[in-house]
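# Tertiary structure, described
Each chain, letter by letter, is given below.
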Amino acid sequence: MNLLEVSSLRVMSPDGVYRVRDVSFTVAPGERLGLIGESGSGKSLTAFAVIGLLPAGLQATGSVMLGGTEVVGAPEKSLVPMRGRLCSFIFQEPLTALDPLMRLGRQLAEPIARHQGHRGSALKRAVLDALDEVHLPEPERIANSRSYEISGGQRQRVAIAMALACRPKLLIADEPTTALDVTVQAEVLALLDHLVGDRDMAMIFVSHDLAVVSRMTDQALVMRSGEAVEKGSIPNLLASPQHPYTAEFAAGARRTEAAFAAALAQARPE
Amino acid sequence: MTGANRPATSAETTRDGAVPSGGRARNRRSLALIVGLVLVGAIALVALLSIFWLPFDPSDTTGGRLEGPGLAHWLGTDRLGRDLFTQVMIGARIALVAGIGAVGVGAAIGMPVGLSAAFAAGWVDDTMSAAMDILIAFPVLLLAMLIVAVQGASLATVTVAIGLSMSAIVARLTRVVAKRVLAQQYITAARTSGTSWLSIVRQHVLPNIWPTVSVNLASQFGVAVLAEASLSYLGLGAPPPNSSWGRLLQEAQSTVVTAPLGAVAPGIALVALVIGVNLLIDGLRDIADPIQN
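This is a predicted model, so every value here is computed, not measured.

With that settled, consider the overall build of chain A. Helices and strands together make up the secondary structure of chain A, namely 11 helices and 10 strands. In terms of overall size, chain A behaves like a compact globule, its C-alpha atoms giving a radius of gyration of 19 Å where 270 residues would be expected to give roughly 18 Å. In chain A, which comprises 270 residues, the share counted as buried stands at 45%. If you take every contact in chain A between residues at least 6 apart in sequence, the share linking residues at least 24 apart comes to 66%.

The subject of this paragraph is the overall build of chain B. Helix and strand counts for chain B stand at 9 helices and 0 strands. The linear arrangement of helices and strands in chain B, starting from the amino end, is α-α-α-α-α-α-α-α-α. Residues classed as buried in chain B amount to 40% of the 293 residues present. Contacts in chain B between residues far apart in sequence, at least 24 positions, make up 71% of those at least 6 positions apart.

Once that is clear, we can look at the interface of chain A and chain B. Accessible area lost on assembly of the parts is the figure often given for the size of an interface. Listed per partner, the contact involves 24 residues of chain A and 18 residues of chain B. Elements represented by at least two residues in the side of chain A that touches chain B include exactly strand E6 (87-90), helix H3 (94-97) and helix H4 (104-116) of chain A. Counted by class, the side of chain A that touches chain B contains 15 nonpolar, 3 polar and 6 charged residues.

Quick look at unusual backbone geometry now. Residues and elements named next belong to chain A. Within the chain, Glu 138 stands out as a residue other than glycine whose phi angle is a positive 50°. Note on placement: Glu 138 falls in the loop between helix H5 (120-133) and helix H6 (139-143). With a phi angle near 50°, Arg 167 is a residue other than glycine that sits in the positive phi range. Residue position: Arg 167 is located in the loop between helix H7 (152-165) and strand E7 (170-174).

Attention shifts here to the environment of B:Glu228. All names here are of chain B. With respect to the helices and strands, Glu 228 occurs in helix H7 (residues 197-233). Take Glu 228: there are 30 C-beta atoms within 10 Å of it, and that puts it in the buried class. With residues near it in sequence (within four places) discarded, Glu 228 still touches Ala 95, Ala 98, Val 158, Ile 162, Gly 237, Ser 244 and Gly 246.

All names here are of chain A. With 8 of its 8 residues buried, helix H1 (residues 43-50) lies for the most part within the structure. Lys 43, Ser 44, Leu 45, Thr 46, Ala 47, Phe 48, Ala 49 and Val 50 are the residues of H1 that are buried. After H1 finishes, the residue Gly 52 shows a positive phi value of roughly 65°.

Residues and elements named next belong to chain A. Taken in spatial order, the 4 strands make up an open sheet running E2-E1-E4-E5, and their pairing is antiparallel. The strands lining the two open edges of the sheet, one partner per strand, are strand E2 (18-27) and strand E5 (69-70). The sheet contact formed by strand E4 (residues 59-66) and E5 spans 2 bridges and is antiparallel. Opposite Met 65, over in E5, you have Glu 70 as the bridge partner. Running over the sheet, H1 touches strand E1 (4-12), E2 and E4 and is turned about 120° from E1.

Before going further, it helps to examine the nonpolar core. Generally speaking, soluble globular proteins have nonpolar side chains that are buried together. Membership of the largest hydrophobic core comes to 152 residues, with the highest contact counts inside it found for A:Val50 and A:Leu170. With 17 residues, helix H2 (residues 84-119) of chain B is the largest single contributor of residues to this core. Dropping the residues within four chain positions of it, A:Val50 is found in contact with A:Leu4, A:Val6, A:Val64, A:Leu66, A:Val71, A:Cys87 and A:Ile172.

Residue and element names in this part refer to chain A. Within the secondary structure, Asp 209 is located in the loop between strand E8 (202-207) and helix H9 (210-216). Asp 209 sits 41 residues away from Ala 250 along the chain, and the two C-alpha atoms are 8.9 Å apart. Non-local contacts of Asp 209, meaning those with residues more than four positions away in its chain, are made with Gly 252, Ala 253 and Thr 256.

Turning our attention to the sheet that holds strand E3 (residues 32-36) of chain A. Strand pairing within a sheet occurs via backbone hydrogen bonds; the two strands may be parallel or antiparallel. Residues and elements named next belong to chain A. The mixed open sheet is built from 6 strands, whose spatial order is E6-E7-E8-E3-E9-E10. The two strands at the open ends of the sheet, each matched to only one other strand, are E6 and strand E10 (227-233). Taking each pair of neighbouring strands and ignoring which way they run, the sheet shows an average axis angle of 20°. Sheet topology places E3 next to E8; 5 bridges connect them, and they run parallel. Within E8, the position partnered with Gly 34 by the bridge is Phe 205.

On to the packing of helix H3 (residues 122-137) of chain B against helix H5 (residues 155-182) of chain B, then. Residues and elements named next belong to chain B. The interhelical angle for the contact between H3 and H5, taken along N-to-C directions, is 140°, at an axis separation of 9 Å. As judged from the angle between their axes, H3 and H5 are oblique. Of the two possible hands of crossing, H3 and H5 adopt the one that is left-handed. For the pair formed by H3 and H5, the contact residues are Ser 129, Met 132, Leu 135 and Ile 136 on the first element and Ala 168, Ile 169, Ala 171, Arg 172 and Arg 175 on the second. Of the residues belonging to the contact of H3 with H5, the class tally is 6 nonpolar, 1 polar and 2 charged.

Let us look at the confidence of the model for chain B. Predicted coordinates in regions of low pLDDT should not be interpreted in detail. Residues and elements named next belong to chain B. With 88% of its residues at a pLDDT of at least 70, chain B reaches an overall mean of 83. Below pLDDT 50 for its whole length, residues 1-21 participates in 0 contacts with residues either more than four positions away or in separate chains. Reported confidence for the predicted complex is 0.85 by ipTM and 0.80 by pTM.

Attention now goes to the pairing of E8(A). Residue and element names in this part refer to chain A. Counting buried residues along E8, 6 of its 6 residues qualify, which places the element largely inside the surrounding structure. With burial as the criterion, each face of E8 is covered, one bearing Ala 202, Ile 204 and Val 206 and the other bearing Met 203, Phe 205 and Ser 207. The sheet contact formed by E7 and E8 spans 5 bridges and is parallel. Of the residues in E8, the one forming a bridge with Leu 170 is Ala 202.

Residue and element names in this part refer to chain B. Secondary-structure assignment places Ala 149 in helix H4 (residues 140-151). Ala 149 sits in the exposed class, given 12 other C-beta atoms within 10 Å. In the structure, Ala 149 is positioned 87 residues away from Leu 236 in sequence and 7.8 Å away in space, judged by C-alpha atoms.

Another aspect to go through is the packing of H4(A) against H5(A). Residue and element names in this part refer to chain A. The contact between H4 and H5 brings their axes to 9 Å, and the two run at 110°. By the angle between their directions, the pair H4 and H5 is classed as roughly perpendicular. Two packed elements cross with a definite hand, and for H4 against H5 that hand is right-handed. Side by side, H4 and H5 meet where Gly 105, Leu 108, Ala 109, Ile 112, Ala 113 and Gln 116 of the first sit next to Leu 123, Ala 126, Val 127 and Ala 130 of the second.

Next up on the list: the pairing of E10(A). Residues in a regular strand point their side chains to alternate faces of the sheet. Residues and elements named next belong to chain A. With 6 bridges connecting them, strand E9 (residues 219-224) and E10 associate as antiparallel partners. Within E10, the position partnered with Ala 220 by the bridge is Gly 232. Hairpin connection of E9 to E10: 2 residues between the antiparallel strands, including Ser 225 at a positive phi of 35°.

What counts, and where the lines are drawn
- Residues numbered from 1 in each chain as written.
- Chains lettered and ligands numbered in written order.
- Predicted model: local features only at pLDDT ≥ 70, side-chain atom pairs only at ≥ 80, totals over all residues.
- Helix = DSSP H or I, 4+ residues; strand = E, 2+ residues; numbered from the N terminus.
- Rg over C-alpha atoms; globule rule 2.2 N^0.38 Å.
- Buried ≥ 20, exposed ≤ 12 C-beta atoms within 10 Å, placed from the backbone.
- Contact = placed C-beta atoms within 7 Å.
- Nonpolar A, V, L, I, M, F, W, Y, C, P; charged D, E, K, R; others polar.
- Pairing = 2+ DSSP bridges.
- Axes fitted to C-alpha atoms, helices over the stretch in contact; angles between N-to-C directions.
- Core = buried A, V, L, I, M, F, W, Y, C linked by C-beta atoms within 7 Å.
- Parallel < 35°, antiparallel > 145°, perpendicular 65-115°, else oblique.
- Left-handed = near helix turned anticlockwise from the far one by under 90°.
- pLDDT = per-residue confidence, 0-100.

What follows is the structure, encoded as C-alpha cells:
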C-alpha cells in the first residue's frame, strides 16, 4: 500500500482561480519524490494540502490519502493526530519557522514529549540526543539558545531535528536549503539524505532547483502554474526533458551543480 | 596593509560610536526603572501598612479642624478633624486595589475576546471588531459612570466598571497582535508537527503577544487609577470613611486656600503613582524584551 496517494488534487483560491490543477502522484514507504517548479507553480500548496494545512481561504478538492486516511475534507480534529506522526515538515526559512521567544531546547522538547512520551531528565536527554543526531556541536548551548542567537545552518539543523522528533513516515522538505549559502546547503542536504535514509522514511522534496533535488531524490514531478507538466526519473529529466519548461530547469541545474562542485572543492581540503 | 587595517578601523569606530550612546540610553532607562520602583514601591508599602496599622482611625474626628502638619497629625487634619495622613494611606490602598482590579478585569475579559476574534475569521471577527470599536468610542469614564449609576457606588463596582470599559481596548490590541503572531510561520510549523490549537495558544501565541499586551495593560493601570480618582471626585467611588484620593481632593476643594495640604497631599500621591508606574513599565519593558536586547 502506498503511504501517500494524491489523485486529481485541486486547490482553489477565494477568487475562484485554481492554484493547483489535477495533480496526481503516489509515494510508497521509503520512496522519495521531488516537486520542482518556479515560485507560484503550486508545489508548496500541493505539499501543504497533503496534511490539510492550506492557508486560510484556499479550498482543496480531489483526494489525498495519507496512511490510508482521506485528508481532503477531513475535520481538523482528525488531522491533528496525523500531523507529525505520519508526516512532518521542514521549511525554507528556519528563522521564521522557530518561535523567537522560546528556547530551542524547549521547542524541540515539545514534539519529542508528545510523540515519544519522554518526561523529565529522559526528555532532556532525548533533546540533546536529537541535537547531536543532526550534528550540532555543543547541544547544551544550542538547547539554551533562542533561534536568532545561532547561525542559519544551525537553525535548519534544529528544524530538521524537530521534524524528525515525531518519527514521521513521510518528511516534506519545502525548499529547506534555499535560504542557506552553497557550502552550508551541501552539508545540510548530505545530513538530510543520511537521516532520511537511516530511518527508511519517505520524502517529498520541494524545490525550484533541479540540481538540489537531484542530490536527494531519483524521481521528480515538474510543476508549472498549478499543473504537473512532466514526471520522471531525474537523469531522464536532465538528459531529455520533454517539456521546454523542464529544459530550463535542466540548464539551471547544471549551473548550480558547478557551484556545488566549487564549494565542495573549497570545503574539502580543510 | 590597507586592506588589513580597514576592518580594524571600522570595528573601532563602531565600538567607540555605539557603546557609549547605548550605555547612556541604558543608564537613562535604569534611572527610570529605579525612580519608578521607588515611587511605586513606597506607595505599595504604605498601602500594605494601612491594612495592619494606621496612625488614627479614619473616622476619628477628635483632632482639631484644619490643623497644620504637626507631631500628632503628620499632614494635619481635614475640616472634620480627621487625620489626613491616615486618609492618604487608605487612599493608596484603594488606588492600588482599583488599578490592579480594573486591569485584571480588563485582561480577563479583553484577552479571551481578542484571541477568539483573532481565531475566528470572517463575519464573527467583523462583528466582534465592530462591537469593540463601538465600546471604545465611549470614553472609559463615561461607561464606568453609567455602570456605577446603575449598580450604586462602591469600590468593587467602580473597579469592575473601569475594567469592563477597558476590556474593549485590551481586546482590540490582543486581536491585532494575535493575528500577527498567528500569521507567523512558527505557528504553521507547530501545526505541521501536530500541535493542538490549545497548546499553540499556550506555548506560542500567549508568550509572543504578552510583551505588547502587558505593556498596554500596565499603562492601562495608570488610566484606571486616574479613572477611579475621577469617579470618586464625582462622588461615585468608595464611600467614606474609606476615602480614595479623588474624594479627598473633592473634600479639600472648599478649603484649598486656607489648608492647601488637604488637596496637595492626595494630588501628589496620585501623580507619583501614575508617573511611577509609567517609569517602571519603561524600565521593565527594556529588560523583558529579549529581542530588543
